[in-house]
Amino acid sequence: MIWKLMSFSVLLLGALTSTSPTPTSPSSSPTTNTEVGPCRIYNFGRSADCLGRQLDHVPWRRLPSTLEDIDLSYNKLQAVLANDFLRLPRLRILKLQFNNVSHIDDDAFKYNPLLKYLNLFNNSLQEIPATALSPLLNLNELYMSNNLYKHATLADGFSKFVRLQVLSMGGPLVMGLKKGDFQALRNIQLEGFAIKCSSNLSYYEPGSLEDIQTRQMGFDMAIDQQPNTLLQMLRDLANKTFSVIQFRNLFEFTYYMGEEDIFQGLKDVTAYQVIFHRGKFNENLLRMALMNLQVAPIKRVRLQYIDFARSPTFVDSGEGSSITNLELDKLDLWYISNPDILRFDWRFTWFNKIRELSIRYVYFNSVPCDAWVEMGGVELMDVSNNRLESSFIFNQRCDYKGTMQSLRSFDLSTNELSSLKDLSSLTREFQQLQMIDFSNNKLGSAEESRDCVWEQNITRVIAHHNQFVSEALHCLPTTVHYLDLSYCELDQLDMTYFEKTTNLKELLLSGNKIKFIPSRWKSPSLQSLALDGNSFGLISMESFQDMPQLSRLMAGNNPYHCTCELHAFIQDTTSKGKVNLTDWPENYRCYHPEALLNTVISNYLPGHVACDIRLVIIICVATTAAVILILMVICYIFDVPWYTKATYQIVRAKYRAHKEKAAGESGVFAYHAFISYSHSDADWVRDQLLPSLENNRNPYRLCIHERDFMPGKWIIDNIIENIESSRKVIFVLSRHFVNSEWCNYELYFAQQRAMGKTFSDVILVVKEPIDPSSLPSKYCKLKKMLSTKTYLEWPQQDKQQAFFWAQLKSVLGKPSPTRERTYSAKSRASSVGAVSVIELPPEDGRPQIPQANVDREAEFQKEDIKRNNDEVSNQRPIPALKGRKLNGSNEISHVALWITSQVPGRCGDRCHIVMGPCSITFLAVRDMGSQLEQAMESLIKVFHSYSSKEGDKYKLSKPELKNLLQGELEDFVAASKDPLVVERIMKDLDENQDGQVDFQEFVVLVAAMTVACNEFFVECMKQ
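Cut-off values and rules
Residues take numbers from 1 onward in each chain, read along the sequence in its written order. The model is predicted, so local features are restricted to residues of pLDDT at least 70 and side-chain atom pairs to those at 80 or more, both for listing and for counting; the totals for chains, interfaces and linings are taken over all residues. Excluded from the side-chain calculation are hydrogens and water; included are all heavy atoms of the structure. The numbering of helices and of strands both runs from the N terminus, where a helix is a DSSP run of H or I of at least 4 residues and a strand a run of E of at least 2. For every residue, the accessible area (1.4 Å probe, protein chains only) is compared with the maximum for its type, and the residue is labelled buried under 20%, exposed over 50%, or partly exposed between those bounds. What makes two residues a contact is simply this: any of their non-hydrogen atoms within 4.5 Å. Note on areas: these come from Shrake-Rupley sampling with a 1.4 Å probe, and a residue is covered only by the protein chains present in the view. Like charges within 9 Å and nonpolar side chains (Val, Leu, Ile, Met, Phe, Trp, Tyr) within 5 Å are joined into patches, using only residues over 30% in relative accessible area that form no salt bridge. Each salt bridge in this description consists of a side-chain nitrogen of Lys or Arg and a carboxyl oxygen of Asp or Glu lying within 4 Å of one another. Ring geometry is summarised as follows: Phe, Tyr and Trp rings, the Trp one being its six-membered ring, pair when their centres sit within 6.5 Å, and such pairs are stacked at plane angles under 30 degrees, edge-to-face over 60 and tilted between the two. Between any two strands, at least two bridges found by DSSP are needed for them to pair. Geometry is summarised by axes, namely lines fitted to C-alpha atoms with helices restricted to the contacting stretch, and by angles between N-to-C directions that run from 0 to 180 degrees. Less than a right angle of anticlockwise turn of the near helix away from the far helix marks a crossing as left-handed, whereas a clockwise turn marks it as right-handed. Under the scheme applied, nonpolar residues are Ala, Val, Leu, Ile, Met, Phe, Trp, Tyr, Cys and Pro; charged residues are Asp, Glu, Lys and Arg; polar residues are all the others, including Gly. Cysteine sulfurs are considered disulfide-paired once they come within 2.5 Å of each other.

Chemist: Looking at this structure, I do not really get the overall build of the protein. What am I missing?
Modeler: Secondary structure assignment for the protein yields 29 helices and 39 strands. Each of the 1023 residues in the protein was classed as buried or not, and the buried ones make up 48%. A sequence separation of at least 24 residues applies to 69% of the contacts in the protein between residues at least 6 apart. A total accessible area of about 49100 Å² is found for the protein, and carbon and sulfur atoms account for 52% of it.

Here it is in structure tokens:
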């Protein structure tokens, strides 16, 4: 009912369209919008929005015939023609307000019989368009006020508008009303009627309003010049019943100074509410109105936008107020220019019997103590929007005991209150107070929120839009059933307060800055909770377990972390149905992680595996077991345990050596080479290798395990120590070597010593062909060396073995002094070709250990794989070698063969010329005669004659090598057609890549060329 009264009040003020039936707004319509010319068509072609398009004519050619609602307001239309709405037979709503329409064709609405709503407000019509309106028999609402016609007389045709409910008419040029102007409406029961006249009303004939039958009546006319007109109007309204009567601008220009009571007719008017809108009121005029309202059957009075002034002739006799019996259900005092209206006769007595008192926008700055006493009958008080401060309404000198005994609801919203303590002190004695609203204030500071004592009957507190700190919650009533703390800038919640609010049923915390929801939140009576628009990203049902009555939860518009916990919460609330998410799902979106930003949470569906911790554990355990199993298989395939054990033994041996040996190490090696071979190849080593390298004038010192390992020492320690004490390591490769566990250890230790180098100290001697692809995986480094490094292959032909030994010696280098060491076995024999050895027992493969060391050796018994047994049990055939090899395994042999192949005739010529000497010389080699010594001396002299010219005098630079070749081997170089012959020779000779050729590298060249020529001479002699 209140809404209807306010709607008609606005209608009477001129905003008449607010009471009209409006179609669904475009923004809320689910249909699509279409721009057709200057208008926007929506609602499936049933509505057109042409508002404010600066139109000077109706664009009827572009309007679909399906239109039912068209808005042409706020344009520049000057006339409504017959064709404008001809094609719109379904038209029901037509808005033409705020144009400049001065003419309407008589047939303008001939084809619109369904029209129910027509708004012609604020145009320039010179007369009421009765003829044009005559076809509109279904018209419900007609607004044609604020036009320029001069008379308000309605034609007889209006009597046919039996469905008419709302009529607004008149304008600034209507100077008065005559009896009979509204005779056509005698038999029509209206819902609302409003008449506007000139601000300088000239006449009013009694009985002018007798024919009006309506529930809501509005007058917009100034009676400054004819104040007695009000008496006549009230007489015409006597004995009628109205819901609302509004007087607008009764006195627009002057205050009423007369003594006659112009409101005396109010006592005969039956109305629920009377509204005085705008106009000038002084104390005398207000007293006249209120005195008549005391005896009138009127329940509500509103004074709004009143210009109030005190009367200069008023004298306070001190006898009390003349308004002592004003019984009203509600009194509204809104937008009053002077707050003195509150005690217009210097008393507050007129509030004594008001049930609902609303004082808004009056901006009073104090409340005297007697005001609270006089308002004893007020049940609902609204003092919002008054810029009130705490000191304005609470006066410590006032005694509030026994005041406001009937007050149940107190609205203090939208003011400037800052002290909860003062507010609680003010209302402490309001014994019936149940609801208090102090929203939109400045409450909530810690300093002004201490020692609060509230009336125990308060059950509803509205405190949104304040600035609360968490500590200030303790100053709120604990008896509340409803608490609104929305938009209070709270960043955390003090659970101590909420534990005391045992009767709290509905809590609103929307729009705060709460970063987390406390766990185990205890609130046994809470039924509805609003947490939307905060700052927490995690939520779970654990926080609400101690809220058994919770049935409604609003938690949208938060920066949610889309996790399994959130998904579980959503599933729990939506599936069980115990808690209803009232804003689900449109307000729930992901904020983290970035990949899911703005994703609707209802579309976030994480995998079952990711969110089931038990399943995750099972999968993790199974995956870990599978990985471990795979790693074990890989380790078995690639012999990882063997490498681990070997590395452990290396570390262990080096640690023992570090403890046993003195700090520092001599830079001189004990051996020129360490020989690693299988037990099955021991005969070849003893019979071929050792005599060829050790039985010379300047012998090589070699280390073999049968002879040189220290008795009583761990085998691993012996291997590591002797490898590290040797300049080179020679591996005698055969099928038996691959199947020997100890040979594998020795190869691995040699690789560890050469870590970070190019393996130049490792010499591979292939005793018999082996296929690198057939080697076990643990020999990966050996595979790589056989595929990328040049190796020496033992020739089966006797004539090629001398070249093999020459190449091996060249790789070993010139024997240099070695440090002396004590051998564990007998010394080498000095006889030529004889070698002293210690035979290995076939079942052990290593030197016997003294009995004293048996216990120590037992610790390593598991690692000490019996060499002979392993070799016998692990032997397997290996395919022939397919890798790169050369006779002697040295690149310089390739140079010698290449040179001799480039000059095939040179050795041949010498064969015919010096056949005898060649043969003699060849046969004399074994006797080591003086000619050989001379040849060796010549070789040395030739080398040093060229090497001493520049740079290092013991090495040949590239220019020196070129000069030597051209001076000493002129025929060979001249016979070559390759201009880069010197560069090729230099590249192949320079094995250590230092850019120079030392004497050893030079001798290799001469030896290789000599061997090649020797083979050629032998062939010559055979032929």
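Chemist: How do you make sense of a nonpolar patch on the surface when you look at a structure like this?
Modeler: A cluster of nonpolar side chains, contributed by Val 627, Ile 628, Leu 629, Ile 630, Leu 631, Met 632, Val 633, Ile 634, Tyr 636, Ile 637, Phe 638 and Val 640, occupies part of the molecular surface with about 1200 Å² of accessible area. For the nonpolar patch, the element with the most residues is helix α11 (residues 613–637), which contributes 10 residues. With respect to the secondary-structure elements, Ile 628 resides in helix α11. Relative accessible area serves as the criterion here: at 45%, Ile 628 is assigned to the partly exposed category.

Chemist: Would you explain the packing of aromatic side chains in this entry?
Modeler: The relation between two aromatic rings is expressed through the spacing of the ring centres and the mutual angle of the planes. Scanning the model with the defined rule gives 38 aromatic pairs in all. With 6.2 Å between their ring centres and 20 degrees between their planes, Phe 85 and Phe 109 make a pair best called stacked. Pair noted here: Phe 85 is in the loop between β5 (79–80) and β6 (93–95) and Phe 109 is in the loop between β7 (103–104) and β8 (117–119), with a separation of 24 residues, a long-range link. The interplanar angle of 80 degrees and the centroid separation of 5.3 Å between the aromatic rings of Trp 684 and Trp 794 together place this pair among those described as edge-to-face.

Chemist: Can you walk me through the pairing of strand β12 (residues 190–196) in this structure?
Modeler: Along any regular strand, the residues point their side chains to alternate faces of the sheet. Burial analysis of β12 places 5 of its 7 residues in the buried class, the great majority of the element. The pairing of strand β10 (residues 166–170) with β12 spans 5 bridges and is parallel. Bridge pairing in β12 links Val 166 to Gly 192. Two strands pair when backbone bridges link them, and β12 and strand β14 (residues 214–220) are joined in this way by 6 bridges, in the parallel orientation. Bridge pairing in β14 places Leu 190 opposite Thr 214.

Chemist: Just to check I follow, could you spell out the sheet that holds strand β36 (residues 762–766) for this structure?
Modeler: The strands that make up a sheet are held in pairs by hydrogen bonds between backbone atoms, and each pair lies either parallel or antiparallel. One open sheet accounts for 5 strands, arranged β34-β33-β35-β36-β37; its pairing is parallel. In this open sheet, the two strands that pair with only one neighbour each are β34 (702–703) and β37 (792–793). Seen against the sheet, helix α18 (residues 780–788) touches β35 (726–733) and β36 and runs at an angle of roughly 80 degrees to β36.

Chemist: Explain the packing of helix α13 (residues 682–694) against helix α19 (residues 798–812) here, please?
Modeler: Packed helices, taken two at a time, are described by the angle their axes make and the gap between the axes. Across the interface, α13 lies against α19 with an axial gap of 10 Å and an inter-helix angle of 65 degrees. Between α13 and α19 lies a crossing of right-handed hand. Packed against α13, whose contacting residues are Trp 684, Gln 688, Leu 689, Ser 692 and Leu 693, the element α19 presents Gln 801, Trp 805, Leu 808, Lys 809 and Leu 812 at the interface. Partitioning the contact of α13 with α19 into residue classes produces 6 nonpolar, 3 polar and 1 charged.

Chemist: Explain the state of the cysteines here, please?
Modeler: Disulfide: a covalent bond connecting the sulfur atoms of a pair of cysteines. Counted by the stated rule, this structure contains 4 disulfides. Each sulfur of the disulfide joining Cys 369 and Cys 398 lies 1.8 Å from the other. One disulfide, between Cys 369 and Cys 398, carries an S-S torsion of -70 degrees and so falls in the left-handed class. Residue Cys 369 is located in helix α5 (residues 369–374), and its partner Cys 398 is located in the loop between α6 (390–393) and β23 (409–411); the two are separated by 29 residues in the primary sequence. The disulfide partner of Cys 562 is Cys 590, and the gap between their sulfur atoms is 1.6 Å. The sign of the S-S torsion, about -85 degrees, decides the handedness of the disulfide formed by Cys 562 and Cys 590: left-handed. In this pair, Cys 562 is assigned in the loop between β30 (560–561) and α9 (564–576) and Cys 590 in strand β32 (residues 590–592), connecting sequence segments 28 residues apart. The exposure class assigned to Cys 562 is buried, which follows from its relative accessible area of 7%.

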